[in-house]
Amino acid sequence: MNVIVSGASISGLFTAYLLAKEGVKVEVYEKEGLLGRPPRTLIVTSELNNVLGFLPEEIVLNKVNYIELFSRTTSTTIELKTPDLIIEREKMVNYLAHLAKGVGVEIVLRHQCEGFALFGKKVTARIRDLDSNKEFQKSVDILIGADGAQSRINLVASRNGHLLTTLLQARVHLPMGQNPNTVRVWFDSDRTKYFYWLIPESERVAAVGLVAEDIQQAEECLLKFLRERGLEAFEFQSAMVPMHRFGFIGEVLSKEHNVFTVGDAAAQVKVTTVGGVVTGLHGARALSYAILNGRNYSKALRELKIELNLHFLIRQILNRFSGEDYDRLIGMINGRLKNTLEEWNRDELKQSFLKLMWAEPRLIKLGAKALIRSLL
Ligand SMILES: Cc1cc2nc3c(=O)[nH]c(=O)nc-3n(C[C@H](O)[C@H](O)[C@H](O)COP(=O)(O)OP(=O)(O)OC[C@H]3O[C@@H](n4cnc5c(N)ncnc54)[C@H](O)[C@@H]3O)c2cc1C
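> How should the nonpolar core be read in this particular structure?
Looking at soluble globular proteins, one finds that nonpolar side chains tend to be buried together. Counting residues in hydrophobic clusters, the biggest one holds 50 residues, and the most contacted among them are Val 26, Leu 48 and Met 92. Per-domain counts for this core show at least three residues from each of domain 1 (2-38 + 89-162 + 244-310) and domain 2 (41-88 + 164-242). Filtering out sequence-adjacent residues up to four positions away, Met 92 remains in contact with Ile 10, Leu 48, Leu 52, Ile 59, Ile 87, Val 277 and Leu 281. Residues Ile 86, Tyr 194, Leu 363 and Leu 366 belong to the second largest nonpolar core, which totals 38 residues.

Shown next as structure tokens:
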């Protein structure tokens, strides 16, 4: 069996590695000239270790044990049972590329996958060499789009792009008195439906950012936020991130089951926090399992879909939260609710969702009120 992967980033390289390890011939085409560009500071849960099956220490910049949550009038601190990991995208991508090459994956840079055509059981990928600007075609058994939020493979097949949102973050010097072991999150629903964050990369540097509707709003809000806190940015990182939608089934793109998407290309993103690293890796595991065992990819994604749908449900409620709702929510985080949040991480919502409701039944009332208010 031979496979082409479009996109040499986290989900594409991990899929390629898992397939090639079992003897599949895999070529990965990447449009950029360097792997892992642009660099990006990422925070992930300890689930990274479970989904990868290993944790390369060289990609970890920092580990954090505490998350401080702020609303307008109150705050609380969550002590994580297992620390969150701060990782660097470029380092992670290069690590995965090294692994993939080690099992025979061929990675071709400066080559853009432009589309595909189906011929019987085969799929022909159209690839452009960006140096010579010449296009050529390659016929394979399976084509995988791991080409990110604005996936060409997804667009060619479905004509519908994903619903996108903007993430913008600035690298700053860690503010005086800020513990490098603590992430800070501010909810301010007047400025963003999501939140602002401060993620310490080390004892000296932090990433401060937000999610916003578009880049203009993101820039205005972030610059204001930095000014208010006396922080000066020395680097900005931004890109579009796709939003998972309830009932999305677009990751299988051909009747012959030989064209698939994974990671951001399949909108495998938790829309509560707009995090796609761990979920994209779970997507990669599901896809490689389905290909290697002749199983249905959609079925292999069932567990991940339940997780993503729960995040979608919570996001629908949070999108309707006012400043007062956040004050109430954070005021409720104590006792059993706090213990549950400390024990279960945000990649384990399937396991913790009912426990959270059980620990604090007023959460249901708070969510229901926000939903009803938005309908009136
Ligand atoms: C500023 C910022 C901060 C973030 N922070 C976090 C975080 O803290 N935690 C978290 O979990 N997630 C975070 N995310 C989201 C996370 O980065 C993505 O969900 C994740 O990187 C997606 O990985 P991927 O491999 O699926 O796609 P991508 O990393 O987008 O990779 C797609 C690859 O395909 C290549 N490509 C695109 N088109 C083509 C083509 N036609 N042909 C060939 N190659 C192509 C691209 O060059 C790229 O290398 C953040 C995103 C941003 C923008």
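There is more to say, and it comes next.
> Explanation requested: helix 3 (residues 89-102) in the structure shown.
For an α-helix, 3.6 residues make a turn, and residues three or four places apart therefore share a direction. Helix length check: helix 3, at 14 residues, gives a terminal C-alpha distance of 20 Å against a target of 20 Å (1.5 Å per residue), a fit within 8%. Within helix 3, burial applies to Arg 89, Met 92, Val 93, Leu 96, Ala 97, Leu 99 and Ala 100. Projected down its long axis, helix 3 carries its buried residues within an arc of 160°, all on one side. Seen from the buried face of helix 3, the exposed residues on the opposite side, beyond 90 degrees, are His 98 and Gly 102. Structurally, helix 3 contributes buried residues whose contacts are with helix 1 (10-21), strand 3 (41-44), helix 2 (47-52), strand 5 (75-88), strand 6 (106-108) and helix 6 (277-293).

> Could you clarify how one ought to interpret the sheet that holds strand 4 (residues 60-70) in this entry?
One key point about sheets: their strands pair by backbone hydrogen bonds, in either a parallel or an antiparallel sense. With respect to topology, eight strands assemble into an open sheet ordered 3-5-4-12-13-14-11-15, the strand pairing being mixed. In this open sheet, the two strands that pair with only one neighbour each are strand 3 and strand 15 (233-242). Ignoring which end each strand starts from, the neighbouring axes of this sheet average 30° apart. Where strand 11 (residues 164-173) and strand 15 come together, nine bridges link them in antiparallel fashion. Following the sheet pairing, Gln 169 is matched in strand 15 by Gln 237. Along the sheet face, helix 3 touches strand 3, strand 4 and strand 5 and points at about 50° away from the line of strand 5.

> Would you take a moment to explain the site of the ligand for this structure?
Residues in close proximity to the ligand total 31 residues, the closest being Ser 9, Ser 11, Glu 30, Arg 40 and Asp 264. Here an oxygen atom of the ligand and a side-chain polar atom of Asp 264 are 2.7 Å apart. In the environment of the ligand, an oxygen atom lies 3.1 Å from a nitrogen or oxygen atom belonging to the backbone of Val 277. Contact with the protein chains removes 93% of the 1,000 Å² of surface that the ligand exposes when unbound. Looking at side-chain class alone, the shell around the ligand contains eleven nonpolar, twelve polar and eight charged residues.

What counts, and at which threshold
Residues numbered from 1 in each chain as written. Predicted model: local features only at pLDDT ≥ 70, side-chain atom pairs only at ≥ 80, totals over all residues. Heavy atoms only, no water. Core = buried A, V, L, I, M, F, W, Y, C linked by side-chain atoms within 4.5 Å. Buried < 20%, exposed > 50% of the residue type's maximum accessible area, 1.4 Å probe, protein only. Domains from an automatic or database assignment. Contact = heavy atoms within 4.5 Å. Helix = DSSP H or I, 4+ residues; strand = E, 2+ residues; numbered from the N terminus. Expected span 1.5 Å × (residues − 1). Arc of directions from axis to C-beta. Pairing = 2+ DSSP bridges. Axes fitted to C-alpha atoms, helices over the stretch in contact; angles between N-to-C directions. Near = heavy atom within 4 Å. Polar contact = N/O pair within 3.5 Å; in protein donor to acceptor, adjacent residues only side chain to side chain. Areas by Shrake-Rupley, 256 points an atom, 1.4 Å probe, with all protein chains shown as cover. Nonpolar A, V, L, I, M, F, W, Y, C, P; charged D, E, K, R; others polar.

Geometry only, nothing functional implied.
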